[in-house]
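The chain contents come next:
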Amino acid sequence: MAKPPSLGEGAKYRGSIHDFPDFDPSQDAEALYTAMKGFGSDKEAILELITSRSNRQRQEVCQSYKSLYGKDLIADLKYELTGKFERLIVGLMRPLAYCDAKEIKDAISGIGTDEKCLIEILASRTNEQIHQLVAAYKDAYERDLEADIIGDTSGHFQKMLVVLLQGTREEDDVVSEDLVQQDVQDLYEAGELKWGTDEAQFIYILGNRSKQHLRLVFDEYLRTTGKPIEASIRGELSGDFEKLMLAVVKCIRSTSEYFAERLFKAMKGLGTRDNTLIRIMVTRSELDMLDIREIFRTKYEKSLYSMIKHDTSGEYKKALLKLCGGDDDAAGQFFPEAAQVAYQMWELSAVARTELKGTVRPANDFNPDADSKALRKAMKGIGTDEDTIIDIITHRSNAQRQQIRQNFKSHFGRDLMADLKSELSGDLARLILGLMMPPAHYDAKQLKKAMEGAGTDEKALIEILATRTNAEIRAINEAYKEDYHKSLEDALSSDTSGHFRRILISLATGNREEGGEDRDRAREDAQVRRPPPEVADTPSGDKTSLETRFMTILCTRSYPHLRRVFQEFIKMTNYDVEHTIKKEMSGDVRDAFVAIVQSVKNKPLFFADKLYKSMKGAGTDEKTLTRIMVSRSEIDLLNIRREFVEKYDMSLHQAIEGDTSGDFLKALLAVCGGED
């Protein structure tokens, strides 16, 4: 039996919809006619039949319907059905190229243009699909697609769309190393090294080179420039053109991952972007829905099926779930192919060497004497010049701020910290005083605050101790002893208990191994979930023993080694270690282990998530926001910004702007260091 869309020799079909066995188009046409006859329609019968036939079979049903009843099936379905369910069912009845043509026609008709729809379709389709789309558009609307797009768009955005519309991307898998080097150089010179940007180079290279070639260009670009191509595009381009180029890059890297991300964004937050959801579920159901599902499950830690289930309703939901084709969320388990995808993603992350960069750097032409005088003037007399204080302190490195403190005391015989404390108040005071403290003393103070008074701020303890390096932990221990005349270990012992205490004390020793990975030992460590023989014999297994085994590995092994352990864990069990922890453990122990795992996987992303949570919903968690902005400003805040915009579709700058105000906002934006 013929498979839907043609596959390369030996390629595996990755769609969720298959040809229906024992297919009879006349019988199906009769069943649909009956379902729509009389008063009301049998929506259940319609969705059941249409979602269980391939697109090729649906075209045959359309033909039979016309032959048997002299009527147009799509017109009848439109008449009988309404809303989102109608849009979905009618979309399924069109051949893929005509479905794309209709989406583009809708996107450029009427007032305004749906640029996101244009970007999604033209950035993701193959040459063959583009050619079929152009022909279908001409056939359906008797218009030229290129002319219509030129009439509705402008500038570099328009030029790139026209290039993509040609469907002439190179398809040769043989890659010239010299040409890779040349393209990297041309892109670098067109953007980073140029005053202004040579957009034509970006358009030519990203619009014409083969996927295989461009993947190597992106790898080499990162090696040569120290930043991913996406970061350069964000820095050099803007508006719809920037969004289009980022979509092209994502589709070159992985079309399935691009669609997984689009689906997630269509359903997260308030309201559902139903047109996007319908378009992707319809057009990918016979191409790569299984790949999209796997990546979705791996990336967002929930199945596509469960997200659709919780985000939609009625027949619309039932039809979408049929197109999805299955739930991958059984007890946090990957199905085998997804485990392999997860494993490959880890392989990539293990070799990627991302350069960590802060947003606050030492000021050029630094003059501690002039800064001290300016700060004294800003605080003298009636009123305080907050703008000057913010400007100086947020644009000096921590080492420079210590020199200013010293100079201030030598000059005026006054303690700068005490003066700032008396002149500033609230969130701004906490932020500025935090920036003025040496990092280890700041962390020590945050730990002290987390443990004093009634109740303990376990989240702050976990955040600091689970993410700091050995050198940083040792410095914190010294600072704690110096400032509070008590060891950090004693403080943790008296303020926490049980396994949670043991985990924190283990982390607070700062004795994590610092070598690379040991594959044999990683395979052994990956068996952490299997209890020793004597434990396996007990009726329920020993949770205490499980937590101890996790602690021994997560609190002492090096980061590169733990990344390998996580890979081996997926390979052996089809489970992600994070899911296992969430399922098997609870409370502070679970939170501490999850923080360690997330920090090992991607520390900037861990902090991006914490920042997002500190600002989302009603009210702002200013303490967490301040703590992260202060403590990461000279380490990896630029990387955190990149992860933030990648995951949440808004920049950290925008999030801060929408959630804070006044001088606190000004100071935070200065530390943030720019808009992405």
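Residues numbered from 1 in each chain as written. Predicted model: local features only at pLDDT ≥ 70, side-chain atom pairs only at ≥ 80, totals over all residues. Heavy atoms only, no water.

**Student:** Which parts of the structure should I look at to understand the overall build of the protein?
**Tutor:** When helices and strands are counted, the protein shows 40 helices and zero strands. Relative to the compact-globule value of 26 Å for 676 residues, the protein shows a C-alpha radius of gyration of 29 Å, a close match. For the protein, buried positions account for 52% of its 676 residues. Pairs at least 24 residues apart make up 72% of the contacts formed inside the protein by residues separated by at least 6 positions. If the 97 positive side-chain charges of the protein are averaged to one point and the 114 negative ones to another, these points end up 3 Å apart. (Helix = DSSP H or I, 4+ residues; strand = E, 2+ residues; numbered from the N terminus. Rg over C-alpha atoms; globule rule 2.2 N^0.38 Å. Buried < 20%, exposed > 50% of the residue type's maximum accessible area, 1.4 Å probe, protein only. Contact = heavy atoms within 4.5 Å. Lys, Arg positive; Asp, Glu negative; His and termini not counted. Charge placed at Lys NZ, Arg CZ, Asp CG, Glu CD.)

**Student:** What's the story with helix H14 (residues 229-236) in this structure? I'm lost.
**Tutor:** Two residues of an α-helix separated by three or four positions point the same way, owing to the 3.6 residues in each turn. When you tally the buried positions in H14, you get six out of eight residues, the bulk of the element. Among the residues making up H14, those that are buried are Ile229, Glu230, Ala231, Ser232, Ile233 and Arg234. At its buried positions, H14 is contacted by helix H11 (177-190), helix H12 (199-208), helix H13 (211-225), helix H15 (239-267) and helix H38 (637-648).

**Student:** Just checking my understanding: could you explain the packing of aromatic side chains for this structure?
**Tutor:** Between two aromatic rings, the relevant description is the distance of the centres plus the angle of the planes. Taken as a whole and judged by the stated rule, the model has 16 aromatic pairs. Centre to centre, the rings of Phe606 and Phe607 are 5.3 Å apart; their planes meet at 70°, and the pair counts as edge-to-face. Taking relative accessible area as the criterion, Phe607 reaches 0% and is therefore assigned buried. Here the aromatic residues Tyr33, Tyr65 and Tyr69 are joined through ring pairs into a cluster of three or more. Above the ring of Phe412, the side-chain terminus of Arg376 is found at 5.9 Å from the ring centroid. (Phe/Tyr/Trp six-rings, centres within 6.5 Å; stacked < 30°, edge-to-face > 60°. Lys NZ or Arg CZ within 6 Å of the ring centre and 35° of its normal.)

**Student:** Would you mind showing me how to read the nonpolar core here?
**Tutor:** Across soluble globular proteins, nonpolar side chains have a tendency to be buried as a group. Membership of the largest hydrophobic core comes to 96 residues, with the highest contact counts inside it found for Leu420, Phe593 and Met629. Considering each element in turn, this core owes the most residues, 13 residues, to helix H36 (residues 587-615). Each residue touching Phe593, except ones within four places of it in the same chain, is listed here: Ile503, Glu547, Phe550, Met551, Leu554, Ile581 and Met585. In this structure, Val61, Ala97, Met245 and Leu263 belong to the second largest nonpolar core, which totals 94 residues. (Core = buried A, V, L, I, M, F, W, Y, C linked by side-chain atoms within 4.5 Å.)

**Student:** Explain empty space enclosed by the protein here, please?
**Tutor:** Which parts of space are left empty comes out when a probe the size of a water molecule is rolled across the atoms. One pass over the structure, following the stated rule, counts two cavities of 30 Å³ or more. In this structure, the largest cavity occupies an estimated 80 Å³ of space. No other element matches the three residues that helix H27 (residues 458-467) contributes to the lining of the largest cavity. Counted by class, the lining of the largest cavity contains six nonpolar, six polar and two charged residues. Roughly 50 Å³ of volume is contained in the second largest cavity. (1 Å grid on protein atoms, 1.4 Å probe; cavity = no way out; pocket = protein on both sides within 12 Å on 5 of 7 lines; lining within 4 Å. Points joined across faces, edges and corners; volume = space filled by probe spheres on them. Nonpolar A, V, L, I, M, F, W, Y, C, P; charged D, E, K, R; others polar.)

**Student:** Which parts of the structure should I look at to understand the packing of H15 against helix H16 (residues 274-284)?
**Tutor:** Between two packed helices, both the angle of their axes relative to each other and the distance between the axes serve to describe the pair. Closest axis-to-axis distance for the H15/H16 pair is 9 Å, and the angle between their directions is 150°. It follows that H15 is roughly antiparallel to H16 by the angle criterion. Viewed along their axes, H15 and H16 form a crossing whose handedness is left-handed. For the pair H15 and H16, the contacting residues are Thr255, Phe259, Arg262, Leu263, Ala266 and Met267 in the first and Thr276, Leu277, Arg279, Ile280, Met281 and Arg284 in the second. Taken together, the residues of the contact of H15 with H16 break down into seven nonpolar, two polar and three charged. (Axes fitted to C-alpha atoms, helices over the stretch in contact; angles between N-to-C directions. Parallel < 35°, antiparallel > 145°, perpendicular 65-115°, else oblique. Left-handed = near helix turned anticlockwise from the far one by under 90°.)

**Student:** When you look at the pattern of salt bridges in this model, what are you seeing that I'm missing?
**Tutor:** Where charged atoms of side chains with opposite charge meet at close range, the side chains can pair. Counting across every chain of the model gives 49 salt bridges. Between Lys322 and Glu48 there is a salt bridge, with its nearest N and O atoms 2.8 Å apart. Of this pair, Lys322 sits in helix H19 (residues 314-324) while Glu48 sits in helix H2 (residues 43-50); the two residues are 274 residues apart in sequence, bridging distant segments of the chain. Given a relative accessible area of 28%, Lys322 falls into the partly exposed group. One salt bridge in this structure joins Lys84 and Asp274, with 3.9 Å as the shortest N-O distance. Of the two residues, Lys84 is situated in helix H5 (residues 83-93) and Asp274 in helix H16; the sequence distance between them amounts to 190 residues. Linked by salt bridges that have partners in common, Arg87, Lys102, Glu103, Asp106, Glu120, Arg262 and Arg279 make up one network. (Salt bridge = Lys/Arg side-chain N within 4 Å of Asp/Glu carboxyl O.)

**Student:** Would you explain the side chain of Thr496 in this entry?
**Tutor:** Looking at where Thr496 falls in the secondary structure, it is placed in the loop between helix H29 (488-495) and helix H30 (498-508). According to the relative accessible area criterion, Thr496 is buried, its value standing at 8%. Within polar-contact distance, the side chain of Thr496 engages the backbone oxygen of Leu492 at 2.6 Å. Those residues in contact with Thr496, other than ones at most four positions away along the chain, are Leu461, Arg501 and Leu504. (Polar contact = N/O pair within 3.5 Å; in protein donor to acceptor, adjacent residues only side chain to side chain.)

**Student:** What's the story with the environment of Lys265 in this structure? I'm lost.
**Tutor:** Looking at the element boundaries, Lys265 is found in helix H15. For Lys265, a relative accessible area of 9% puts it in the buried group. Spatially, the C-alpha atom of Lys265 lies 28 Å from that of Leu216, the residues being 49 residues apart in sequence. Those residues in contact with Lys265 that lie beyond four places of it in its chain are Arg273, Glu646, Lys647 and Asp649.

**Student:** Can you help me understand the environment of Lys610 in this one?
**Tutor:** By the element assignment, Lys610 lies in helix H36. For Lys610, a relative accessible area of 18% puts it in the buried group. Residues Lys610 and Lys105, 505 residues apart in the sequence, show an inter-C-alpha distance of 41 Å. Those residues within four positions of Lys610 in sequence are excluded, and the remaining contacts are Lys459, Glu463, Thr624 and Ile628.

**Student:** How do you make sense of the packing of helix H24 (residues 416-423) against helix H25 (residues 426-436) when you look at a structure like this?
**Tutor:** At a closest axis distance of 10 Å, the pairing of H24 and H25 adopts a crossing angle of 170°. As judged from the angle between their axes, H24 and H25 are roughly antiparallel. Taking contact as the criterion, the partners of Leu416, Met417, Leu420 and Lys421 in H24 are, on H25, Ile432, Leu433 and Met436. Classifying every residue of the contact of H24 with H25 by side-chain character gives six nonpolar, no polar and one charged.

**Student:** For this particular structure, what's the right way to read the confidence of the model for the protein?
**Tutor:** As a general rule, the predicted coordinates of low-pLDDT regions are not to be interpreted in detail. Overall, the predicted model of the protein reaches an average pLDDT of 89, with 91% of residues at or above 70. Low pLDDT, under 50, characterises residues 1-10; the stretch is placed with 17 contacts to residues that sit more than four places away or in other chains. With pLDDT under 50 throughout, residues 532-542 is counted as low confidence; its partners more than four residues away or in other chains account for six contacts. (pLDDT = per-residue confidence, 0-100.)

**Student:** For this particular structure, what's the right way to read the environment of Gln59?
**Tutor:** Of note, Gln59 is situated in helix H3 (residues 55-69). Excluding residues that lie within four positions of it along the chain, Gln59 makes contacts with Met93, Arg94 and Pro95.

**Student:** Help me understand helix H1 (residues 25-36), please; the structure alone is not making it clear to me.
**Tutor:** Between its first and last C-alpha, H1 extends 17 Å over 12 residues, near the 16 Å set by a 1.5 Å rise per residue. All of the buried residues in H1 are Pro25, Asp28, Ala29, Leu32, Ala35 and Met36. Along the long axis of H1, the arc covered by the buried residues comes to 125°, so they all point the same way. Facing away from the buried side of H1 by over 90 degrees, the exposed positions are Gln27 and Thr34. Looking at where H1 begins, the residue whose side-chain oxygen comes 3.1 Å from the main-chain nitrogen of Ser26 is Asp24. Gly38 occupies a position one or two residues after H1 and carries a positive phi of about 75°. (Expected span 1.5 Å × (residues − 1). Arc of directions from axis to C-beta.)

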